[in-house]
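# A look at the structure
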Amino acid sequence: MMVAALAAAVALVAPVPSFHHVVVVVFENHERSEIAGSSSAPTFAALARRGATLTGYDAVSHPSLPNYLALVSGSTHGISDDCTSCVVSGPSLADTLAAAGRTWKTYAEGLPRPGFTGASAGNYAKKHDPFLYFRNVLARPSWLSRVVPFKQFARDVAARHLPDFALVVPNLCNDMHDCSVATGDAWLRRNVVPLLSSPAFAGGVVFVVFDEGQSDAGGGGNVEALALGPTVLPGSVSHEPTSHYGLLRTIEQAWGLPLLGRSARARPITGIWR
(Lines give C-alpha, C1' and ligand atoms only; values in the text may rest on other atoms or scores of the structure.)
Protein backbone atom coordinates (compact mmCIF):
# COMPACT_ATOMS: atom_id res chain seq x y z
CA MET A 1 0.00 0.00 0.00
CA MET A 2 2.81 2.38 0.90
CA VAL A 3 4.62 1.62 -2.39
CA ALA A 4 1.43 2.31 -4.37
CA ALA A 5 0.89 5.59 -2.52
CA LEU A 6 4.48 6.65 -3.14
CA ALA A 7 4.23 5.83 -6.85
CA ALA A 8 1.01 7.89 -7.06
CA ALA A 9 2.70 10.82 -5.34
CA VAL A 10 5.68 10.63 -7.71
CA ALA A 11 3.35 10.80 -10.71
CA LEU A 12 2.00 14.16 -9.52
CA VAL A 13 5.35 15.94 -9.22
CA ALA A 14 6.19 16.95 -12.80
CA PRO A 15 5.50 15.81 -16.35
CA VAL A 16 7.96 13.23 -17.68
CA PRO A 17 7.10 10.92 -20.59
CA SER A 18 6.46 7.26 -19.86
CA PHE A 19 9.41 6.19 -22.00
CA HIS A 20 9.25 2.94 -23.92
CA HIS A 21 13.00 2.53 -23.39
CA VAL A 22 15.68 4.37 -21.41
CA VAL A 23 19.31 3.99 -22.46
CA VAL A 24 22.03 5.59 -20.34
CA VAL A 25 25.51 5.87 -21.88
CA VAL A 26 28.32 6.86 -19.51
CA PHE A 27 31.61 8.41 -20.61
CA GLU A 28 34.52 9.29 -18.32
CA ASN A 29 36.41 12.07 -16.61
CA HIS A 30 35.75 15.25 -18.60
CA GLU A 31 34.21 18.57 -17.65
CA ARG A 32 31.48 19.96 -19.86
CA SER A 33 33.89 22.71 -20.95
CA GLU A 34 36.13 20.05 -22.50
CA ILE A 35 33.33 18.59 -24.64
CA ALA A 36 30.84 21.33 -25.54
CA GLY A 37 32.16 23.29 -28.51
CA SER A 38 35.29 21.16 -28.83
CA SER A 39 36.52 20.53 -32.37
CA SER A 40 37.24 16.98 -31.19
CA ALA A 41 33.58 16.36 -30.37
CA PRO A 42 31.52 17.09 -33.52
CA THR A 43 29.09 14.23 -32.79
CA PHE A 44 28.30 15.65 -29.38
CA ALA A 45 27.61 19.04 -30.99
CA ALA A 46 25.39 17.55 -33.70
CA LEU A 47 23.43 15.48 -31.20
CA ALA A 48 22.96 18.50 -28.95
CA ARG A 49 21.23 20.23 -31.85
CA ARG A 50 19.03 17.17 -32.43
CA GLY A 51 18.23 16.66 -28.77
CA ALA A 52 18.53 18.48 -25.45
CA THR A 53 21.51 19.76 -23.48
CA LEU A 54 21.52 19.70 -19.67
CA THR A 55 24.03 22.43 -18.79
CA GLY A 56 23.48 22.15 -15.03
CA TYR A 57 24.39 18.47 -14.78
CA ASP A 58 26.94 17.76 -12.04
CA ALA A 59 28.55 14.52 -10.99
CA VAL A 60 28.27 13.84 -7.26
CA SER A 61 31.66 12.53 -6.14
CA HIS A 62 35.14 11.33 -7.00
CA PRO A 63 36.39 8.88 -8.20
CA SER A 64 34.34 6.84 -10.69
CA LEU A 65 32.59 4.10 -8.72
CA PRO A 66 30.59 6.28 -6.29
CA ASN A 67 29.08 8.12 -9.25
CA TYR A 68 27.98 4.91 -10.96
CA LEU A 69 26.43 3.64 -7.74
CA ALA A 70 24.62 6.95 -7.26
CA LEU A 71 23.24 6.76 -10.79
CA VAL A 72 21.57 3.38 -10.30
CA SER A 73 20.70 3.50 -6.59
CA GLY A 74 20.57 7.10 -5.33
CA SER A 75 23.52 6.63 -2.97
CA THR A 76 27.29 6.26 -2.96
CA HIS A 77 26.83 3.83 -0.04
CA GLY A 78 29.78 5.39 1.74
CA ILE A 79 32.18 4.18 -0.94
CA SER A 80 34.89 6.70 -1.76
CA ASP A 81 37.27 4.69 -3.94
CA ASP A 82 37.23 2.32 -6.92
CA CYS A 83 37.11 -0.87 -4.88
CA THR A 84 36.48 -4.08 -6.81
CA SER A 85 35.72 -6.53 -3.97
CA CYS A 86 33.27 -4.35 -2.03
CA VAL A 87 29.57 -5.29 -1.97
CA VAL A 88 26.53 -3.04 -1.44
CA SER A 89 23.49 -4.29 0.45
CA GLY A 90 20.99 -1.58 -0.48
CA PRO A 91 18.44 -1.67 -3.32
CA SER A 92 19.06 -0.45 -6.85
CA LEU A 93 17.13 -0.04 -10.08
CA ALA A 94 17.55 -3.78 -10.54
CA ASP A 95 15.17 -4.27 -7.60
CA THR A 96 12.61 -1.58 -8.41
CA LEU A 97 12.46 -2.38 -12.12
CA ALA A 98 11.98 -6.09 -11.42
CA ALA A 99 9.25 -5.35 -8.87
CA ALA A 100 7.46 -3.25 -11.49
CA GLY A 101 7.69 -6.00 -14.10
CA ARG A 102 10.24 -4.08 -16.19
CA THR A 103 13.43 -5.39 -17.77
CA TRP A 104 17.01 -4.16 -17.54
CA LYS A 105 20.49 -4.95 -18.84
CA THR A 106 24.00 -3.59 -18.67
CA TYR A 107 25.94 -3.69 -21.95
CA ALA A 108 29.62 -3.45 -20.98
CA GLU A 109 32.22 -3.19 -23.72
CA GLY A 110 35.04 -5.67 -23.24
CA LEU A 111 33.18 -7.77 -20.67
CA PRO A 112 34.48 -11.31 -21.33
CA ARG A 113 31.14 -13.05 -20.77
CA PRO A 114 27.73 -12.44 -19.20
CA GLY A 115 27.88 -12.08 -15.43
CA PHE A 116 31.70 -11.83 -15.26
CA THR A 117 32.58 -10.33 -11.85
CA GLY A 118 36.35 -9.99 -12.18
CA ALA A 119 38.04 -6.64 -11.53
CA SER A 120 39.21 -6.15 -15.12
CA ALA A 121 39.80 -7.76 -18.50
CA GLY A 122 41.71 -5.91 -21.18
CA ASN A 123 40.03 -2.51 -21.53
CA TYR A 124 37.07 -3.53 -19.37
CA ALA A 125 36.89 -2.29 -15.75
CA LYS A 126 34.40 -3.51 -13.14
CA LYS A 127 34.47 -0.09 -11.42
CA HIS A 128 32.36 1.22 -14.32
CA ASP A 129 29.82 -1.62 -14.06
CA PRO A 130 27.72 -0.74 -10.99
CA PHE A 131 25.10 -3.50 -10.82
CA LEU A 132 27.90 -6.00 -10.14
CA TYR A 133 28.36 -4.40 -6.70
CA PHE A 134 24.85 -5.09 -5.39
CA ARG A 135 24.29 -8.12 -3.20
CA ASN A 136 20.78 -8.62 -4.61
CA VAL A 137 22.18 -8.90 -8.14
CA LEU A 138 25.07 -11.16 -7.18
CA ALA A 139 22.69 -13.50 -5.35
CA ARG A 140 20.46 -14.03 -8.39
CA PRO A 141 22.03 -15.79 -11.39
CA SER A 142 19.16 -14.62 -13.62
CA TRP A 143 19.94 -10.99 -12.72
CA LEU A 144 23.68 -11.42 -12.98
CA SER A 145 23.20 -12.78 -16.49
CA ARG A 146 21.73 -9.41 -17.50
CA VAL A 147 25.21 -7.86 -17.34
CA VAL A 148 26.34 -8.72 -20.86
CA PRO A 149 29.09 -7.86 -23.37
CA PHE A 150 28.38 -4.77 -25.46
CA LYS A 151 28.26 -6.72 -28.72
CA GLN A 152 24.84 -7.94 -27.56
CA PHE A 153 23.46 -4.39 -27.78
CA ALA A 154 23.25 -4.23 -31.58
CA ARG A 155 21.77 -7.72 -31.66
CA ASP A 156 19.05 -6.80 -29.17
CA VAL A 157 18.19 -3.61 -31.06
CA ALA A 158 17.99 -5.51 -34.37
CA ALA A 159 15.78 -8.17 -32.80
CA ARG A 160 13.67 -5.55 -30.99
CA HIS A 161 14.66 -7.11 -27.69
CA LEU A 162 16.00 -3.91 -26.12
CA PRO A 163 15.12 -3.93 -22.39
CA ASP A 164 13.14 -1.16 -20.73
CA PHE A 165 16.32 0.15 -19.08
CA ALA A 166 19.80 -0.25 -20.59
CA LEU A 167 23.06 0.95 -19.08
CA VAL A 168 25.76 1.17 -21.76
CA VAL A 169 29.39 1.22 -20.62
CA PRO A 170 32.09 1.80 -23.27
CA ASN A 171 35.55 0.38 -22.57
CA LEU A 172 38.41 2.35 -21.00
CA CYS A 173 39.51 3.71 -24.37
CA ASN A 174 36.17 4.51 -25.96
CA ASP A 175 34.80 6.14 -22.79
CA MET A 176 37.67 8.72 -22.95
CA HIS A 177 39.23 7.47 -19.70
CA ASP A 178 42.42 6.32 -21.40
CA CYS A 179 41.95 7.71 -24.91
CA SER A 180 41.05 11.02 -26.53
CA VAL A 181 37.82 12.96 -26.74
CA ALA A 182 37.86 12.30 -30.48
CA THR A 183 37.93 8.55 -29.82
CA GLY A 184 34.87 8.74 -27.61
CA ASP A 185 33.09 11.01 -30.06
CA ALA A 186 33.67 8.52 -32.89
CA TRP A 187 32.32 5.70 -30.68
CA LEU A 188 29.20 7.76 -30.02
CA ARG A 189 28.70 8.31 -33.75
CA ARG A 190 29.05 4.62 -34.54
CA ASN A 191 26.91 3.24 -31.76
CA VAL A 192 24.31 5.78 -30.66
CA VAL A 193 23.44 7.73 -33.80
CA PRO A 194 22.02 4.64 -35.59
CA LEU A 195 19.90 3.79 -32.54
CA LEU A 196 18.11 7.14 -32.66
CA SER A 197 16.48 6.35 -36.00
CA SER A 198 15.77 2.69 -35.28
CA PRO A 199 12.10 1.63 -35.28
CA ALA A 200 12.93 -0.43 -32.19
CA PHE A 201 13.59 2.80 -30.30
CA ALA A 202 10.23 4.52 -30.82
CA GLY A 203 9.17 6.29 -27.63
CA GLY A 204 12.65 5.99 -26.15
CA VAL A 205 15.30 8.31 -24.73
CA VAL A 206 19.09 8.11 -24.58
CA PHE A 207 20.89 9.98 -21.83
CA VAL A 208 24.58 10.56 -22.59
CA VAL A 209 26.47 11.62 -19.47
CA PHE A 210 29.92 11.53 -17.88
CA ASP A 211 30.60 9.84 -14.57
CA GLU A 212 32.68 12.76 -13.26
CA GLY A 213 34.74 15.74 -14.30
CA GLN A 214 38.02 17.10 -12.98
CA SER A 215 36.60 19.75 -10.66
CA ASP A 216 34.53 19.47 -7.47
CA ALA A 217 31.48 21.35 -8.81
CA GLY A 218 28.44 19.67 -7.30
CA GLY A 219 30.78 17.15 -5.70
CA GLY A 220 32.16 15.62 -8.89
CA GLY A 221 32.40 18.29 -11.60
CA ASN A 222 30.07 19.91 -14.12
CA VAL A 223 29.82 17.42 -16.99
CA GLU A 224 28.32 17.27 -20.46
CA ALA A 225 24.89 15.66 -20.49
CA LEU A 226 22.53 15.15 -23.41
CA ALA A 227 19.01 13.75 -23.73
CA LEU A 228 18.32 12.30 -27.18
CA GLY A 229 15.57 10.54 -29.06
CA PRO A 230 11.99 10.84 -30.24
CA THR A 231 10.65 11.97 -26.86
CA VAL A 232 12.99 15.00 -26.72
CA LEU A 233 12.28 18.52 -28.01
CA PRO A 234 15.05 19.21 -30.59
CA GLY A 235 17.49 21.95 -29.66
CA SER A 236 16.11 22.37 -26.17
CA VAL A 237 18.33 23.36 -23.25
CA SER A 238 17.81 22.94 -19.53
CA HIS A 239 19.91 25.10 -17.23
CA GLU A 240 18.34 23.67 -14.09
CA PRO A 241 20.75 22.10 -11.59
CA THR A 242 20.66 18.32 -11.80
CA SER A 243 22.92 15.33 -11.26
CA HIS A 244 23.04 11.55 -11.32
CA TYR A 245 20.34 11.70 -8.64
CA GLY A 246 18.16 13.86 -10.88
CA LEU A 247 18.59 11.46 -13.79
CA LEU A 248 17.62 8.54 -11.57
CA ARG A 249 14.59 10.51 -10.34
CA THR A 250 13.57 11.15 -13.95
CA ILE A 251 13.58 7.43 -14.72
CA GLU A 252 11.64 6.69 -11.54
CA GLN A 253 9.17 9.47 -12.35
CA ALA A 254 8.60 8.17 -15.87
CA TRP A 255 7.70 4.68 -14.68
CA GLY A 256 6.20 5.33 -11.25
CA LEU A 257 9.02 3.55 -9.43
CA PRO A 258 9.77 3.96 -5.72
CA LEU A 259 12.39 6.64 -5.09
CA LEU A 260 15.84 5.36 -4.18
CA GLY A 261 18.08 7.24 -1.75
CA ARG A 262 18.84 10.84 -2.63
CA SER A 263 16.72 10.72 -5.78
CA ALA A 264 13.82 11.48 -3.41
CA ARG A 265 15.32 14.94 -2.85
CA ALA A 266 16.15 15.57 -6.51
CA ARG A 267 13.89 17.10 -9.12
CA PRO A 268 13.16 15.18 -12.33
CA ILE A 269 14.50 16.61 -15.57
CA THR A 270 11.69 18.57 -17.23
CA GLY A 271 11.14 21.24 -19.85
CA ILE A 272 12.85 19.33 -22.66
CA TRP A 273 10.15 16.82 -23.61
CA ARG A 274 7.85 16.86 -26.63
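My aim in this report is to walk through the structure given alongside it, one point at a time.

What counts as what
- Sequence order as written defines the numbering, with residues in each chain counted from 1.
- Totals for whole chains, interfaces and linings use all residues, but because this is a predicted model, local features are given only for residues with pLDDT of at least 70 and pairs of side-chain atoms are given and counted only at 80 or more.
- To get the side-chain values, all heavy atoms of the structure are used, and hydrogens and water are removed first.
- Accessibility here uses a 1.4 Å probe with only protein chains present; expressed as a share of the type maximum, an area under 20% marks a residue as buried, one over 50% as exposed, and anything in between as partly exposed.
- What counts as a helix is a DSSP run of H or I of at least four residues, what counts as a strand is a run of E of at least two, and both are numbered from the N terminus.
- Between any two strands, pairing holds if DSSP finds at least two bridges.
- Only C-alpha atoms enter the line fits that serve as axes; for helices the fit covers just the stretch in contact. Angles between N-to-C directions range over 0 to 180 degrees.
- Only heavy atoms matter for contacts: two residues are in contact if any of them lie within 4.5 Å across the pair.
- Should an angle fall under 35 degrees it is called roughly parallel, over 145 degrees roughly antiparallel, and 65 to 115 degrees roughly perpendicular, with every other angle called oblique.
- Helix crossings get a hand from a simple test, with the near helix turned counterclockwise from the far one by less than a right angle marking a left-handed crossing and a clockwise turn marking a right-handed one.
- In the scheme used here, Gly and all other residues not listed as nonpolar or charged are polar, with Ala, Val, Leu, Ile, Met, Phe, Trp, Tyr, Cys and Pro taken as nonpolar and Asp, Glu, Lys and Arg as charged.

## Focus: the pairing of strand S4 (residues 104–108)
Looking along a regular strand, one sees the side chains alternate between the two faces of the sheet. Most of S4 sits inside the fold, with five of its five residues counted as buried. Burial along S4 is two-sided: Trp-104, Thr-106 and Ala-108 facing one way and Lys-105 and Tyr-107 facing the other are all buried. Here S4 runs beside strand S8 (residues 165–169); their pairing, made up of five bridges, is parallel. Counted as the bridge partner of Lys-105 is Ala-166 from S8. The pairing of S4 with strand S7 (residues 147–149) spans three bridges and is parallel. Across the sheet, residue Thr-106 finds its bridge partner in S7, namely Val-147.

## Considering the pairing of S8
When you tally the buried positions in S8, you get five out of five residues, the bulk of the element. A two-sided burial pattern is seen for S8, the buried positions comprising Phe-165, Leu-167 and Val-169 on one face and Ala-166 and Val-168 on the other. Taken together, the four bridges between strand S1 (residues 21–27) and S8 define a ladder with parallel strand orientation. Across the sheet, residue Val-23 finds its bridge partner in S8, namely Ala-166.

## Overview of the sheet that holds strand S2 (residues 52–54)
With mixed pairing, eight strands are arranged side by side in an open sheet as S7-S4-S8-S1-S9-S10-S2-S11. With partners counted over all chains shown, the strands left at the sheet margins are S7 and strand S11 (236–238), one partner each. Between one strand axis and the next, the sheet turns by 20 degrees as a mean value, whatever way the strands run. Across seven bridges, the pairing between S1 and strand S9 (residues 204–210) is parallel.

## Things to note about helix H4 (residues 64–73)
For H4, a buried count of 10 out of 10 residues is recorded, marking the element as mostly surrounded by other parts of the structure. Considered for burial, the residues of H4 that qualify are Ser-64, Leu-65, Pro-66, Asn-67, Tyr-68, Leu-69, Ala-70, Leu-71, Val-72 and Ser-73. The inward-facing, buried residues of H4 abut S1, strand S3 (57–58), helix H5 (93–99), S8 and helix H11 (244–255). Two residues or fewer after H4 comes Gly-74, characterised by a positive phi angle close to 80 degrees.

## Section: the packing of H4 against H11
Between H4 and H11, whose axes approach to 7 Å, the crossing angle comes to 25 degrees. By the angle between their directions, the pair H4 and H11 is classed as roughly parallel. Like other packed secondary-structure pairs, H4 and H11 cross with a definite hand, here right-handed. For the pair formed by H4 and H11, the contact residues are Asn-67, Ala-70, Leu-71, Val-72 and Ser-73 on the first element and His-244, Tyr-245, Leu-247 and Leu-248 on the second. Considering only residue class, the contact of H4 with H11 consists of six nonpolar, three polar and no charged.

## What to know about the environment of Gly-101
Positionally, Gly-101 belongs in the loop between H5 and S4. As for Gly-101 and Asp-164, which are separated by 63 residues in sequence, their C-alpha atoms are 9.8 Å apart.

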